[in-house]
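Chain and residue survey
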Amino acid sequence: MSPWLISLTRNGVRLCRSMSCNYKVHYDQVYFVFGRVIANQFCTNAQKYHQPDTNFNTELSILLTNIRKELVTLLPQLQEISNYLFDERGKQIRPMLVYLMAKACNNHTDPEKMSTLTKSQGAIGVISEMIHTASLIHDDVIDAAHIRRGKPTINSIWGQRKAILTGDYILSRATIALSKLRNERVVKVLSQVLDDLVQGEFMQLGSKEDRGERFNHYIKKTFRKTASLMACSCQAVAILSDPLNQFLHDVAFNFGMHFGISFQLIDDLLDFIASDDVMGKPTSTDLQLGLATAPVLYASDQFPELDTMIMRRFSHSGDVQRAREIVDQSDGITQTKRLAYFHRDEAIRFISQLGESIERNALIQLSNDIVTRRK
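Residues numbered from 1 in each chain as written. Predicted model: local features only at pLDDT ≥ 70, side-chain atom pairs only at ≥ 80, totals over all residues. Heavy atoms only, no water.

**Some remarks on the packing of aromatic side chains**
The way to describe two aromatic rings as a pair is by their centre distance and the angle between their planes. Our working definition: Any two of the Phe, Tyr and Trp rings considered here, Trp counted by its six-membered ring, make a pair once their centres fall within 6.5 Å; the pair's planes then place it as stacked at under 30 degrees, edge-to-face at over 60, or tilted in between. Per the convention used, a helix needs a DSSP run of H or I reaching at least four residues, while a strand needs a run of E reaching at least two, with both numbered from the N terminus. Accessible area is worked out with a 1.4 Å probe on protein chains only. A residue is then buried under 20% of its type maximum, exposed over 50%, and partly exposed in between. Only Lys NZ and Arg CZ are tested; either one counts as a charge over a ring when it is within 6 Å of the ring centre and within 35 degrees of the ring normal.
Per the counting criterion, the structure on display carries five aromatic pairs. A ring pair is formed by F223 and F253, whose centres lie 6.3 Å apart and whose planes are at 50°; its orientation type is tilted. Of this pair, F223 sits in helix 9 (residues 211–241) while F253 sits in helix 10 (residues 246–273); the two residues are 30 residues apart in sequence, bridging distant segments of the chain. Both residues of the pair, F223 and F253, count as buried. Here F255 and F259 contribute two aromatic rings whose centre-to-centre distance is 5.6 Å and whose plane-to-plane angle is 40°, an arrangement assigned as tilted. Taken together, the residues F255 and F259, both in helix 10 and four residues apart, mark about one turn of the helix. For the pair formed by F255 and F259, the shared burial category is buried. Aromatic ring contacts, followed pair by pair, group F215, Y218 and Y298 into a single cluster. Geometry around Y84 places K151 over its ring, the cationic atom sitting 3.9 Å from the centre. The side chain of R349 reaches across the aromatic face of F350, ending 4.9 Å from its centre.

Listed below in structure tokens is the structure:
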């Protein structure tokens, strides 16, 4: 059973604790009921947290070097495409999250020892970034996207077939790197990510007629496509930090889960309010792809005419423009931001249970930063 059963209702949030879970948490058991979240009821006083003086540039540079080593191949064009992908243009949020969590967990289990990153924990950062990048390549093929991270996508340069094969190659190399850890529990945790990514993509292709089911469907999809990798990667380094500390594993997973959902909610919000230049990729694409994200789903509560457009995936002439107009007229953007802040607060609440450290405070600051970012 999941350690946290969450019900979002029109008037607030009910949290039911059940800590009798094993280390492998299934998000299917976390249920969201469609409704509004009252922001003032949940927002933490973020001003009391200060940015710690910590620098991960060296470790992130080593990460890219290690990824390139994992992707060495005798096929010149495959090598060219792989090098094109990992050029330091990405946010690198996931490896940063993994490295900070690993050090925070290590400090929690042994406060007398200076926070360090073990070789196995460093490998989790490499694996998580490889899985993430491979999923982006496949997403770009499915969406026929032409821009990613401010530059042309793989499929727009080398074509769909080579893009798909490159994504498969990166996943295969990530799997090999994972097997080298020789840790069955970590392999199980990160293998779940691959299952979630595929199921999440299939969930994105469908929708629900009932509004409550529709929002529940959207949040579960968000977990599988985005938050699962963050949650499971955080859990993996916690297991490597202390294999027997179930409390530590649960804290790491739940922090990553809430952080990831908050991150994606802001991404979905920015698709409506940010510019292409700022985001480094086209905006307003979700509606054009037929996707109803949180701003639209909240808006449909005020404007039922959106229901028909959602079910036909905005396929009729004028649907996309009309849906944007409705979102602008509604409080969909505000409600999405409030829900993102709620998950930010939950992430901070979980990570605050670990012992004081520079890395724990950095995770708190990072949680605050993702809800105020502009891209």
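**Focus: the side chain of E201**
Put simply, the test is: Contact definition: two residues touch when any of their heavy atoms are within 4.5 Å.
Within the fold, E201 resides in helix 8 (residues 184–204). Note on E201: relative accessible area 13%, which makes it buried. For E201, the residues in contact, after removing those within four places along its chain, are D139, I142 and K225.

**Some remarks on the nonpolar core**
Put simply, the test is: Working definition of a nonpolar core: buried Ala, Val, Leu, Ile, Met, Phe, Trp, Tyr and Cys residues. They are joined through side-chain atoms within 4.5 Å.
Within the largest apolar cluster, 98 residues are counted, with the highest numbers of intra-cluster contacts made by M101, L190, F255 and F259. Here F259 is in contact with I93, L97, M230, A347, L366, S367 and I370, once residues within four sequence places are set aside.

Honestly, that's just the spatial picture; any functional story needs more than this.
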